[in-house]
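Examining the three-dimensional arrangement
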Amino acid sequence: MGREHRGVSREELKQSAVVTVTVLLALGLVTAWTVLIPGVMAWDNIVIAVIGSVRLTGPVACAFAAWVAVRKRRSKNRPESWRVLKAPLAILAVVTGSFGATVLVLSLRAVADEQAGKLLPSGLTMGAAGLVLYVVLGWVIGWLIPYSITPMLAGFTVYAVFTWISGRTTWADRLAPGTREPYDLFEGLSTTAFVDQTLWLLGLSVALLLGWTAAVTRHSVALAAAMAAVLTAGIGVARLVSDHRPHPGQVAYSCQDWPITVCVHPGMKEGLPELGTTFTGIAARLSGTPAAFNRVEQHSRKTGETLQGGVVPIHVDDLDTGYADRAAREFVERLSRPCPAQRSAGYREIVLAWLRGEPLPPGDYPEHQTASAWFAVLTEQQRREWLRMYYADFANCRLQAAHFGAAAYTHPVPSPTVMSGPQAR
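Bear in mind the structure is a predicted one, so any value in this text is a computation, not a measurement.

Parameters and conventions
- Chains are numbered independently. Their residues run from 1 in the order of the written sequence.
- For this predicted model, a pLDDT threshold of at least 70 governs which residues receive local features, and a threshold of 80 or more governs which side-chain atom pairs are given and counted, while totals over whole chains, interfaces and linings are taken from all residues.
- Water and hydrogen atoms play no part in the side-chain values, which are based on all heavy atoms of the structure.
- Cysteine sulfurs are considered disulfide-paired once they come within 2.5 Å of each other.
- With a 1.4 Å probe rolled over the protein chains alone, any residue whose accessible area is under 20% of its type maximum counts as buried; one over 50% counts as exposed, and the rest are partly exposed.
- Each helix is a run of DSSP H or I of at least 4 residues and each strand a run of E of at least 2, with the numbering of both proceeding from the N terminus.

Turning our attention to the state of the cysteines. This structure, assessed with the given rule, holds two disulfides. Disulfide pairing places cysteine 255 opposite cysteine 263 at an S-S distance of 2.1 Å. An S-S torsion of about 110° defines the bridge between cysteine 255 and cysteine 263 as right-handed. Since its relative accessible area comes to 34%, cysteine 255 is described here as partly exposed. We classify cysteine 263 as buried; its relative accessible area is 0%. Through a disulfide, cysteine 339 is tied to cysteine 397; the S-S separation comes to 1.6 Å. On the criterion of sequence distance, the pair formed by cysteine 339 in the loop between helix H9 (323-333) and helix H10 (342-356) and cysteine 397 in the loop between helix H12 (380-395) and helix H13 (406-410) is long-range, its members being 58 residues apart.

Shown next as structure tokens:
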């Protein structure tokens, strides 16, 4: 058992394999957990998290493959047969095994909860194909540059390169083993795009590995197979040039119907109670104004469709702490256009704070403090009546000191132009 096996003793191989599997599994789970959208119970979320874990586990696998390749290159025993593939294939088995364990752990957690949608095998296959590419790159780099520092440099290099490619805004970002960010829950995942990425990643990986085999063993068959793999990779790239991202479609909402109707993506149904409470208060304050509503629907940020009267769209990115307040703040901000003048903005902020259910701000000027103090002593019913009277001025940033006082409450302040308040969009 102490014999040298490709420059590495069998004991070293076994021990390093166990350590690598443990590190990759732990790192994969931690990274995937950070990628998961908080509170979202959907299989797409699991797939995105598993793929996202490759961003860190990939460079680690690359460094491990480079370390074994460096040891192999330094050994005197260099077989010229197909047995040269035994070591890299063994590394691939170890790395993909850890990836499978990560998928299994996350899937067991998901099965314990009711998940929306279904598991997409093509996404998991693409993630595994990305890991394969990291390993092959590490193996080739370690073989070509057999120095002790090579494994660390290989890991950092591939991480930097793929991170840079992922940040590109052109079709080139699809060449990296990952998905486009930010992920849109309403857009869904594209099986076609995952298949094309898998063709590209596996084709490139096989081409590199067989090309290395041909160079080491001088087998023409290996070279021919490498050329075929290049063709496969080319097909994948050609298909990736076309954008296969699905477009947001009709969603079978999960809804809460009382006291107003609030509908969200089924993967976020756990957020219905808090969203319902928050937006019921806002709906009551907007009652009787042009922005009145009785139905709230969660929508993608990428869609701008016009909804029927009484229905307003909201955006909820996750169910992390404060999600309902964030959605409410964003919605209320859209009710009134921003005020360029600081004095006008102060009056606008008084009304926005009330609509959000927050304490009224004191303001930066004495007149703001006076207006806030006057508005604070009004009852909720009086505030609603005031807003119905002056909604057009609020929506078009025309509020002034004259709007806040006993005279303004009994005698409406004339507006330069009468305009309908904008519906939230």
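Now for unusual backbone geometry. A cis geometry characterises the amide bond from tryptophan 258 onward to proline 259, with omega recorded as 0°. Position of proline 259 relative to the elements: it lies in the loop between strand S3 (254-256) and strand S4 (261-264). The backbone phi angle of arginine 218 is positive, close to 60°, even though this residue is not glycine. You can see arginine 218 is positioned in the loop between helix H6 (191-217) and helix H7 (220-240). With phi around 60°, cysteine 397 is a residue other than glycine that occupies positive phi space.

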